[in-house]
Amino acid sequence: MDLPGSIHDFLLVSLGLVLILGGLGVVLLTNPIYSPFSVGLVLVCISLFYILSNSHFVAAAQLLIYVGAINVLRYYKFRRITHCVEKLDIY
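Conventions adopted
- Residues numbered from 1 in each chain as written.
- Predicted model: local features only at pLDDT ≥ 70, side-chain atom pairs only at ≥ 80, totals over all residues.
- Heavy atoms only, no water.
- Helix = DSSP H or I, 4+ residues; strand = E, 2+ residues; numbered from the N terminus.
- Buried < 20%, exposed > 50% of the residue type's maximum accessible area, 1.4 Å probe, protein only.
- Contact = heavy atoms within 4.5 Å.
- Areas by Shrake-Rupley, 256 points an atom, 1.4 Å probe, with all protein chains shown as cover.
- Lys, Arg positive; Asp, Glu negative; His and termini not counted.
- Charge placed at Lys NZ, Arg CZ, Asp CG, Glu CD.
- Expected span 1.5 Å × (residues − 1).
- UniProt positions renumbered as here; feature names shortened; annotations may be inferred.
- Patch = residues over 30% accessible without salt bridge, like charges linked within 9 Å, V, L, I, M, F, W, Y side chains within 5 Å.
- Salt bridge = Lys/Arg side-chain N within 4 Å of Asp/Glu carboxyl O.
- Polar contact = N/O pair within 3.5 Å; in protein donor to acceptor, adjacent residues only side chain to side chain.
- Axes fitted to C-alpha atoms, helices over the stretch in contact; angles between N-to-C directions.
- Parallel < 35°, antiparallel > 145°, perpendicular 65-115°, else oblique.
- Left-handed = near helix turned anticlockwise from the far one by under 90°.
- Nonpolar A, V, L, I, M, F, W, Y, C, P; charged D, E, K, R; others polar.

It is worth spelling out the overall build of the chain at this point. Per the secondary structure count, the chain includes 3 helices and 0 strands. For the C-alpha atoms alone, the extent of the chain along its principal axes is close to 60 × 25 × 15 Å. Burial status across the chain gives 18% buried among its 91 residues. For the chain, long-range pairs separated by at least 24 residues make up 51% of all intrachain contacts whose partners lie at least 6 apart in sequence. Carbon and sulfur atoms make up 72% of the accessible area of the chain, which amounts to about 6,700 Å² in all. For the chain, the separation between the mean place of its 5 positive charges and that of its 4 negative charges on side chains is 17 Å.

So, about helix α1 (residues 5-28). The first and last C-alpha atoms of α1 sit 34 Å apart over 24 residues, in line with the 34 Å expected at 1.5 Å per residue. When α1 is considered as a whole, its buried residues turn out to be L15, G22 and G25. Next to the buried residues of α1 lie α2 (34-52).

This brings us to the UniProt feature "transmembrane region" (unreviewed entry) in the chain. Per the UniProt record, the feature "transmembrane region" (unreviewed entry) sits at residues 6-26, 33-51 and 57-76. Along residues 6-26 the backbone is 100% helical and 0% strand, and the end-to-end C-alpha distance reaches 30 Å. Between the end C-alpha atoms of residues 33-51 the distance is 28 Å, and the span holds 95% helix and 0% strand.

Moving on, we come to a nonpolar patch on the surface. Among the surface-exposed residues, I20, L21, L24, V27 and L28 lie close enough to one another that they form a single nonpolar patch of about 550 Å² accessible area. Following the sequence through the fold, I20 ends up in helix α1. I20 gets classed as exposed once you look at its relative accessible area, which sits at 53%.

Moving on, we get to the side chain of S47. Inspection of the secondary structure assignment puts S47 in helix α2. For S47, the side chain forms a polar contact with the main-chain oxygen of V44, separated by 2.6 Å. Setting aside anything within four residues of it in sequence, one finds S47 in contact with A59, Q62 and L63.

Moving on to the packing of α1 against α2. One can describe the packing of α1 onto α2 by two numbers: an axis separation of 8 Å at closest approach and a directional angle of 155°. Considered as vectors, α1 and α2 are oriented roughly antiparallel to each other. Two packed elements cross with a definite hand, and for α1 against α2 that hand is left-handed. Residues H8, L11, L12, L15, G16, V18, L19, G22, G23, G25 and V26 of α1 pack against S35, S38, V39, L41, V42, C45, I46, L48, F49 and L52 of α2. Classifying every residue of the contact of α1 with α2 gives 14 nonpolar, 7 polar and no charged.

Below is the structure:
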């Protein structure tokens, strides 16, 4: 993208901060619902970095492949947790 220098720098710094916070969320959040959302946030921020560096195809591939794969893994993880809870007869 052709952005003025100050706007480009601001976007880089803000995306970097969101990326660091998302990475901390992946490590520190033990809830199986919130941690995959943090992974998705990190991957979206990485694809936005690609867009800022004019690599639009790589950004689209990042979103389609990696974020989509994380959503599928999250689905199977929730299914597994639900199956284990039903097997234990907690409810």
